[in-house]
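Read off the chains here:
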Amino acid sequence: MDNRADVREFLMSRRAKVTPEAAGVLGGANRRVPGLRRSEVAILAGVSVEYYAKLERGAIGGASASVLDSVARALQLDDTERAHLFDLARTADGIPSSGRSRRRATRSSTPRPSLQWALSAITDGVAFVRDQRQDLLATNALGRAFYSPVIGDGGRTPNLARFQFLDPAARDFYPDWDLFAEMCVAIMRAEAGRDPHDKGLQDLVGELSTQSETFRRLWGTHDVRTHGAGTKRFHHPVVGDLTLAYEELAITAEPGQVLLVYTAEPGSPSAERLRLLASWSADLPSVPR
């Protein structure tokens with residue numbers, strides 16, 4: 001797969017973010033680039049200027065792990081960015097990343113019954129499974145109530161990215177909409193690097209790029225991130241404001257799928273609102289498959 005454009009834009013965007021001061025090099029006058037020069041990255045990485053220029057043109061195939069590590073250090077990449085660089089290199093070499101086969105199918109797989117049982121056993125928090133395409137594949141009862149604005153009245157599989165960028169209700173549901181938008185795109189960009197042959201993800205990126213200027217702009221930044229853990233704010237149409245902690249767990253039996261659990265601090269107003277939401281959720285229909 002020819003991913004030279006992605007490699008070029010990723011390396012150029014990371015280089016632009018590193019200031020000479022942060023890299024410990026003399027800035028000098030009359031600089032025409034916002035960050036480091038190619039020659040400065042080459043020196044920091046211990047490679048020739050010609051070789052680094054070749055990498056930044058997108059010709060990353062065949063680059064050794066030691067060279068990639070040196071470039072990652074020179075560009076001060078974080079762990080997610082470094083992993084993305086290696087994913088791009090594996091793609092250029094024709095090697096599937098993260099143990100995933102080269103998928104072409106666009107449909108999300110149906111969760112195993114045992115996975116749904118595990119979700120249903122979580123009763124005090126919002127629990128759901130999403131895939132690398134941001135499809136909401138399964139939830140527990142509280143998750144169905146929590147994500148009722150996303151799930152809507154049925155139809156195609158609910159998708160968190162489509163909701164984020166194409167549904168006006170998202171700006172009410174996510175008080176920190178701009179931050180959520182950046183996170184969503186950065187997670188999708190990292191997934192695209194891990195599995196560039198996923199046609200479903202490619203189609204989703206194309207759809208959102210066509211319909212959302214914000215998505216198109218954020219996709220062009222080449223920022224990447226993992227979800228992991230943290231805290232988010234929501235405004236639910238039934239119970240109001242919620243501040244929830246989240247933990248993301250990889251589902252090893254289904255590469256690309258993750259289990260996310262949102263919980264509230266015990267005794268907090270958000271915990272009480274989650275209990276109210278749970279009592280409201282009893283009559284909600286199941287997530288569409």
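Up top is the structure these notes are about.
What you see is a predicted model, and the numbers here were worked out from it, not measured in a lab. (Residues numbered from 1 in each chain as written. Predicted model: local features only at pLDDT ≥ 70, side-chain atom pairs only at ≥ 80, totals over all residues. Heavy atoms only, no water.)

**Quick notes on the overall build of the protein chain**
Operational definition: Only DSSP runs of H or I reaching four residues or more are called helices, and only runs of E reaching two or more are called strands; each is numbered from the N terminus. In this description the radius of gyration comes from C-alpha coordinates, and the expected globular size is given by 2.2 Å times residues to the power 0.38. Only protein chains enter the calculation, and the probe is 1.4 Å; a residue is then buried if its accessible area is under 20% of its type maximum, exposed if over 50%, and partly exposed in between. Any two residues having at least one pair of non-hydrogen atoms within 4.5 Å are treated as being in contact. Methods summary: accessible areas were calculated by the Shrake-Rupley approach with a probe of 1.4 Å, and residue burial reflects only the protein chains presented. When charges are tallied, Lys and Arg are placed among the positive residues and Asp and Glu among the negative ones, while His and the ends of the chain are skipped. By convention, the point assigned to a charge is CZ for Arg, NZ for Lys, CD for Glu and CG for Asp.
Along the protein chain, the regular secondary structure elements total 15 helices and five strands. By the compact-globule yardstick of 19 Å for 289 residues, the protein chain fits well, its C-alpha radius of gyration being 21 Å. On the principal axes, the C-alpha backbone points of the protein chain span a range of 65 × 40 × 35 Å. Expressed as a percentage of the 289 residues in the protein chain, the buried residues total 49%. Relative to all contacts within the protein chain whose residues are 6 or more apart in sequence, the contacts with residues 24 or more apart total 60%. With an accessible surface of roughly 14000 Å², the protein chain has 51% of that area assigned to carbon and sulfur atoms. Separation between the mean location of the 37 positive side-chain charges and that of the 36 negative ones in the protein chain comes to 5 Å.

**Structural notes on the environment of Ile60**
Its location among the elements puts Ile60 in the loop between helix 4 (49–56) and helix 5 (65–74). A residue is classified by how much of its surface remains accessible, and Ile60, at 2% relative accessible area, is buried. Spatially, the C-alpha atoms of Ile60 and Arg8 are 9.1 Å apart, while their sequence positions differ by 52 residues. Apart from the residues within four sequence positions on either side, Ile60 is in contact with Val7, Leu55, Leu68, Leu85, Leu88, Ala89 and Ala92.

**Some points on the packing of aromatic side chains**
Aromatic ring pairs are reported here in terms of the distance separating the ring centres and the angle at which the planes meet. Our working definition: Only rings of Phe, Tyr and Trp enter the pairing, Trp through its six-membered ring, and a pair is recorded when the two centres are within 6.5 Å. The plane angle decides the type: under 30 degrees is stacked, over 60 is edge-to-face, the rest tilted.
Tallied over the full model, the rule gives 19 aromatic pairs. Their ring planes at 80° and their centres at 4.8 Å tell us that Phe146 and Phe234 sit as a pair that is edge-to-face. Taken as a pair, Phe146 in helix 8 (residues 141–146) and Phe234 in strand 3 (residues 229–236) lie far apart in primary sequence, 88 residues in all. For the pair Phe146 and Phe234, one class covers both residues: buried.

**Structural notes on the side chain of Ser212**
Relative to the helices and strands, Ser212 is located in the loop between helix 13 (199–211) and helix 14 (213–219). In this structure Ser212 comes out as buried when scored by relative accessible area, which is 6%. Once residues within four sequence positions are removed from consideration, Ser212 is found in contact with Phe165 and Leu166.

**Observations concerning the packing of helix 5 against helix 6 (residues 79–92)**
Heads up, the rule is: Each axis is a line fitted through C-alpha atoms, and for a helix only the stretch in contact is used; angles between axes span 0 to 180 degrees, taken between their N-to-C directions. To sort the angles, those under 35 degrees are grouped as roughly parallel, those over 145 as roughly antiparallel, those from 65 to 115 as roughly perpendicular, and the leftovers as oblique. What makes a crossing left-handed is the near helix being turned counterclockwise from the far one by less than a right angle; a clockwise turn instead makes it right-handed. By the convention adopted, Pro, Cys, Tyr, Trp, Phe, Met, Ile, Leu, Val and Ala count as nonpolar, Lys, Arg, Asp and Glu as charged, and the other residues, Gly among them, as polar.
Where helix 5 contacts helix 6, the axes come no closer than 10 Å and their chain directions differ by 140°. Compared by their axis directions, helix 5 and helix 6 come out oblique. For the crossing formed where helix 5 meets helix 6, the hand is right-handed. On the side of helix 5, the interface is formed by Ala65, Leu68, Asp69, Val71 and Ala72, while helix 6 contributes Arg82, Leu85, Phe86 and Ala89. Each residue belonging to the contact of helix 5 with helix 6 can be placed in one class, and the counts come to seven nonpolar, no polar and two charged.

**A short note on the environment of Asp6**
For Asp6, the location among the structural elements is in helix 1 (residues 4–17). Counting along the chain gives 187 residues from Asp6 to Gly193, while the straight-line C-alpha distance between them is 8.9 Å. The contacts of Asp6, once residues within four sequence positions are left out, are Leu88, Arg189 and His222.

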